[in-house]
Amino acid sequence: MDVLDVTVRIVAVLLAFLLLPLLVGQAEHKVMAHMQGRVGPMHAGGFHGWAQLVADGVKFAQKEDIVPDGADRRVFQLAPALALIPYLLVLVAIPVAPGGGVAQALDAGIFFVLAVMGVGILGSLMGGWASANKFSLLGGLRTAAQLMAYELPMLLAAASVAMAAGTLSLPGILGVWEWWWLPWQLVGGVVFFTAGLAELQRPPFDAPVADSEIIFGAYTEYTGLRFALFLLAEYAGIVVLSALTAVLFLGGWHGPFADGLGWLWMLLKTGVLAFGVIWLRVSYPRLREDQIQRLAWTALVPLALFQIALTGVVKVVM
Amino acid sequence: MSLVQSLVPQALAAPQAASLAEARPLAAGHPGFLSPTGVEIVFVLVGLVTLGAALVAVTTKQLVHAALWLVVALGGIAVEYLLLSAEFIAWVQVLIYVGSVVVLLLFGLMLTKAPIGRSPDADSGNRWVASAVSVVSAAALVTVVVDAFRTTWIDLDRRTGPGEGSTEVTGQALFRHWVLPFEALSVLLLAALVGAIVLSRRRTAADTANTANTANTDNTDNTAGTAGTADVTETAEAGETADARATDRAAGER
């Protein structure tokens, strides 16, 4: 692996990190609008308001960066970076094409992505505590409770795929993937995607940022660029979750003409899942805090355990 | 949990150390201390950062800052594992300690009392005893580790086959040589789990009059409702339940 190769891979990851979340954000504007009988942003940039998010970014950058008087300054300012950077790191390990189409193949890839995604939650917790605001604190508490409840089913569902493939490496899993894994790992896939939604605090699991109850949770006191970083982290999280679900449960780059068009299949599957995330936001009401906990412990954990048992049985019988 | 942390890496590394020692019986071509490689220098530097963060974590007067410095210390240990080519252990370290245990700590702090700024009353009169105990245990650990790995060098540049700390090698060592300690640890965690459940249940049974305020602490369902009324005894209990949940997760993950 020479210097040029490394540079190309790093630039590719950075570009994906900067572009894909914006694409998802713009898609959310337009898809939500059309689902609600509106047209969404139409003016910025001319054609169907394609530059709306760029304009939003400029607006955020111009705003004053305020740190509340009673806040813990350094923790408050550090929190958005800690929320965003883990998703950049995760993109490094996600394979997009066959034959070395991954920025860095990791031996324990599944553990890497799940571990690093968990670190991102610390950003919300730090922001919630350091804001010196009771709504922020409540948002941080709900974030922590949600993470603790949903990380277990997520891990168990991912472990099921690792058992089926006999490896923890993401490219390795795709290397042995077969089409009949789709029905075989279906339950695990649903559990993984649902738990991932909850970790991202996307609707219907958005009680930690419920605007009608606690303003905007941990992000209440943030303004300007730091607030934009939290929003960007949310969209980057959607990209990462969709890509991971596609790799683990939908076969990633597998599809007709995978040798040449593998990356297109990967993008397509990621895009469809991201569309699903947006669709859920428009169509489902917010779950109450106790409903969120009950869903995790009484539905998702048993389902994930069932999936692991099923994987084990099929693995032994075959 | 600290028991697991201290036992597992040694338990995993020992058979590899043995095989390495067999592979290189004499000190021929033994790397010395006088010409450190880049990895070794980074290892020492990260170790210093980890030590510093750990010291700040126990000496700072700000409660939440202590938890955040703990993140730095635990992350530093993960980087050290990574430099020793134990990739799997490193990511598990991040997943369990940074992603779960510290989140539990922060949750407990925020649920009860997380003042911004210094809290002078957070100091304990036991600090000299505590520091003595920690120095003794650190000395014991350092002696054991140094004695066990005295002449062992890990070949970081191995190109063929799985590396020393890869998932495959770790799994083989864990389930061939160390199955019994592994299962014993599982039973220990199960005992801790059952103990936590017993502790939390006994209190709710004996103290029904007071449940109007405290019932929700055990199941973290209604975190918003309890945030205001939580007191110090509840902290201990929330910590217990939370710890049980962490052990549960550790067990489930394996």
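Residues numbered from 1 in each chain as written. Chains lettered and ligands numbered in written order. Predicted model: local features only at pLDDT ≥ 70, side-chain atom pairs only at ≥ 80, totals over all residues.

Identification of chain B as NADH-quinone oxidoreductase subunit J from Streptomyces albus is taken from an unreviewed UniProt entry. One UniProt comment on chain B, placed under Subcellular location (unreviewed entry), says "Cell membrane". (UniProt positions renumbered as here; feature names shortened; annotations may be inferred.)

A short note on the overall build of chain B
Regarding its fold elements, chain B presents 10 helices and zero strands. Taken from N to C terminus, the helices and strands of chain B fall in the order α-α-α-α-α-α-α-α-α-α. Within chain B, contacts between residues separated by at least 24 positions form 71% of all contacts whose residues are at least 6 apart in sequence. (Helix = DSSP H or I, 4+ residues; strand = E, 2+ residues; numbered from the N terminus. Contact = placed C-beta atoms within 7 Å.)

Concerning the overall build of chain A
Looking only at helices and strands, one finds 12 helices and zero strands in chain A. Along chain A, helices (α) and strands (β) appear in the sequence α-α-α-α-α-α-α-α-α-α-α-α when read from the amino end. Over its C-alpha atoms chain A spans a radius of gyration of 20 Å, differing by no more than 12% from the 20 Å that the globule rule assigns to 318 residues. The dimensions of chain A, computed from C-alpha atoms along their principal axes, are 60 × 45 × 45 Å. (Rg over C-alpha atoms; globule rule 2.2 N^0.38 Å.)

A closer look at the nonpolar core
Counting 144 residues, the largest nonpolar core has Phe111 and Ala158 of chain A as its most contacted members. Beyond its immediate chain neighbours, meaning those up to four positions away, phenylalanine 111 of chain A contacts Leu168 of chain A together with Phe88, Trp91, Val92 and Leu95 of chain B. (Core = buried A, V, L, I, M, F, W, Y, C linked by C-beta atoms within 7 Å. Buried ≥ 20, exposed ≤ 12 C-beta atoms within 10 Å, placed from the backbone.)

Remarks on the interface of chain B and chain A
Listed as interface residues are 32 residues of chain B and, on the opposing side, 34 residues of chain A. Of all the secondary-structure elements, those providing two or more residues to the side of chain B that touches chain A are helix 3 (63-83), helix 4 (87-112), helix 9 (223-227) and helix 10 (232-253) of chain B. The greatest single-element share of the side of chain B that touches chain A, amounting to 15 residues, is contributed by helix 4 of chain B. Here the residues of the side of chain B that touches chain A are counted per class, giving 19 nonpolar, eight polar and five charged. (Nonpolar A, V, L, I, M, F, W, Y, C, P; charged D, E, K, R; others polar.)

Notes on helix 1 (residues 3-35) of chain A
All names here are of chain A. When the terminal C-alpha atoms of helix 1 are compared, their 47 Å separation across 33 residues agrees well with the 48 Å that a helix rising 1.5 Å per residue should span. Here the buried face of helix 1 lies against helix 2 (52-62), helix 3 (73-92), helix 10 (224-249) and helix 11 (258-283). Looking one or two places after helix 1, you find glycine 37, whose phi comes out positive at around 70°. (Expected span 1.5 Å × (residues − 1).)

Observations concerning the confidence of the model for chain B
All names here are of chain B. Of all residues in chain B, 60% have pLDDT values of 70 or greater, and the mean over the chain is 71. Mean pLDDT per element in chain B: helix 9 is the minimum at 40, and helix 5 (residues 127-148) is the maximum at 91. In this model, residues 212-254 is a region of pLDDT below 50 whose contacts with residues beyond four sequence positions or in other chains number 77 contacts. In the model output, the complex is listed with pTM 0.79 alongside ipTM 0.83. (pLDDT = per-residue confidence, 0-100.)

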